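Geometric and topological summary
Take a look at the letters that make up each chain.
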Amino acid sequence: MAQWKEINPTELSKNPFSLIGQEWMLITAGDQKKANTMTASWGGVGILWNKPVAFCFIRPQRYTLEFVEREDYYTLSFFGPEYRKALNYCGSHSGRDGDKFAACGLTPSYDLAPYPEEANLVLVCKKLYKQDMEKDCFLDPALVEKNYPAGDFHRTFVGEIVKVLVKE
């Protein structure tokens, strides 16, 4: 079985546009007793406040939001194509209704925050900033019409990437 290796964020060689926008990721938070995860295809990585950061967006109705709000750390996890079915499940079912890890065959692991052991890349992030998106802040009204017809604007989280774990 592949082992985890910690690398520096500057050593990441995968394209974040492909990883997040096409391959998707799981946002996971909680503690060693209870965690929740959700699929996301919006987010990014970069440098902010002289730190390597990752940012993600969570709608108010998502159960994972409670966990990200409560904890100091969250993870962004990336997978090979063989886990697409699991990511589809995690994006279409609520953790309020049961254990998403068990339902889609993922094994919870923990390093400052929970993450699925089956991932091949994990960004462990310490929350630095959060803010709700607001309708009046959009400069292109078409974005609101297309993405927020119900007015359920995302909450944005910016986290310092404190660990990058890759499978060897």
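Residues numbered from 1 in each chain as written. Predicted model: local features only at pLDDT ≥ 70, side-chain atom pairs only at ≥ 80, totals over all residues. Heavy atoms only, no water.

Thoughts on the overall build of the protein
The criterion, for reference: In this text, helices come from DSSP runs of H or I with a minimum length of four residues, and strands from runs of E with a minimum of two, each type numbered from the N-terminal end. Atoms considered for the radius of gyration are the C-alpha atoms alone. The globule rule reads 2.2 Å times the number of residues to the power 0.38. Accessible area is worked out with a 1.4 Å probe on protein chains only. A residue is then buried under 20% of its type maximum, exposed over 50%, and partly exposed in between. Whether two residues are in contact is decided by their heavy atoms: any pair within 4.5 Å suffices. Two residue types count as positive, namely Lys and Arg, and two as negative, namely Asp and Glu; His and chain ends fall outside the count. Here the site of a charge means atom NZ of a Lys, CZ of an Arg, CG of an Asp or CD of a Glu.
Each helix and strand in the protein was counted, giving 5 helices and 10 strands. Computed over its C-alpha atoms, the radius of gyration of the protein comes to 15 Å, within 12% of the 15 Å expected for a compact globule of 168 residues. Overall, the protein is about 50 × 40 × 30 Å in size when its C-alpha atoms are taken along their principal axes. Counting the 168 residues in the protein, one finds 42% classified as buried. Contacts in the protein between residues at least 24 apart in sequence constitute 74% of all its contacts with a sequence separation of at least 6. The positive charge centre, built from 20 side chains, and the negative charge centre, built from 22, are 2 Å apart in the protein.

Points about the nonpolar core
Here is the rule: The set of buried Ala, Val, Leu, Ile, Met, Phe, Trp, Tyr and Cys residues whose side-chain atoms join them within 4.5 Å is what this entry labels a nonpolar core.
Core analysis: the largest hydrophobic core is formed by 25 residues, its most contacted members being I27, Y74, L76, F78 and L123. Put simply, the parts of the chain that give this core at least two residues each are α1 (16-22), β2 (25-30), β3 (35-40), β5 (51-58), α2 (64-70), β6 (73-78), β9 (121-132) and β10 (155-167). Ranked by the residues each element gives to this core, the list is headed by β10, at 4 residues. When residues no more than four places from it in sequence are discounted, the contact partners of I27 are N36, T37, M38, A40, C56, F57, I58, T64, V68, T75 and L76.

Quick look at the pattern of salt bridges
Here is the rule we go by: For this analysis, a salt bridge means a side-chain nitrogen from Lys or Arg found within 4 Å of a carboxyl oxygen belonging to Asp or Glu.
Under the defined criterion, the tally for this structure stands at 8 salt bridges. Of the charged contacts, one joins E66 and R96 as a salt bridge, the two residues approaching to 3.7 Å between their closest N and O atoms. Highlighted residues: E66 in helix α2 and R96 in the loop between α3 (84-92) and α4 (100-103), separated in sequence by 30 residues. Under the relative-accessibility criterion, E66 is labelled partly exposed at 40%. The partner of R155 in a salt bridge is D132, and the shortest N-O contact between them spans 2.4 Å. Highlighted residues: R155 in strand β10 and D132 in strand β9, separated in sequence by 23 residues. Owing to a relative accessible area of 37%, D132 belongs among the partly exposed residues under this scheme. Through salt bridges that share partners, E69, K130, D132 and R155 make up one connected network.

Things to note about the layout of surface pockets
To keep things clear, this is the line we draw: Grid spacing is 1 Å over the protein atoms alone, the probe is 1.4 Å, and a cavity is where that probe fits but cannot get out, while a pocket is an open set with protein on both sides within 12 Å along at least five of seven lines and lining residues have an atom within 4 Å of a point. Grid points are joined across faces, edges and corners, and a volume is the space filled by probe spheres set on the points. Residues are sorted three ways: Asp, Glu, Lys and Arg are charged, Ala, Val, Leu, Ile, Met, Phe, Trp, Tyr, Cys and Pro are nonpolar, and all the rest, Gly among them, are polar.
The computed volume of the largest pocket comes to approximately 260 Å³. Around the largest pocket, the lining is made up of 17 residues, and of these P9, L12, V45, G46 and I161 lie nearest the centre. Looking at the lining of the largest pocket, the elements with two or more residues in it are α1, β4 (43-48), β5 and β9. Counted by class, the lining of the largest pocket contains 13 nonpolar, 3 polar and 1 charged residues. Around the second largest pocket, the lining is made up of 16 residues, and of these K33, K34, A35, D99 and F101 lie nearest the centre.

Points about the state of the cysteines
Between two cysteines, a covalent bond joining their sulfur atoms is known as a disulfide. Operational definition: Disulfides are defined as cysteine sulfur pairs within 2.5 Å.
A complete count under the given rule lists 0 disulfides for this structure. With no disulfide of its own, C90 lies 3.6 Å from the sulfur of C104, the closest cysteine sulfur. You can see C137 has no disulfide; the closest cysteine sulfur is in C56, sitting 19 Å from it. A relative accessible area of 55% places C137 in the exposed class.

Some words on the packing of aromatic side chains
Just so we agree on the cut-off: Classification of ring pairs uses Phe, Tyr and Trp, with its six-membered ring standing for Trp, and accepts pairs whose centres are within 6.5 Å; under 30 degrees between planes counts as stacked, over 60 as edge-to-face, and the remaining range as tilted. Counting as a charge over the ring demands two things of the Lys NZ or Arg CZ atom: a distance within 6 Å of the ring centre and an angle within 35 degrees of the ring normal.
Throughout the structure, instances matching the rule amount to 8 aromatic pairs. When the ring centre of F67 is taken as reference, the NZ or CZ atom of R70 above it lies at 4.8 Å. In this structure, R84 packs its charged tip against the face of W24, placed 3.3 Å from the ring centre.

Brief notes about the pairing of β2
Note the following rule: A strand pair is defined by DSSP finding two or more bridges across the two strands.
Extensive coverage of β2 is indicated by the burial of 6 of its 6 residues. With 6 bridges joining them, β2 and β3 adopt antiparallel strand pairing. The partner of T28 across the bridge, within β3, is T37. The antiparallel hairpin formed by β2 and β3 contains 4 residues in its connecting segment.

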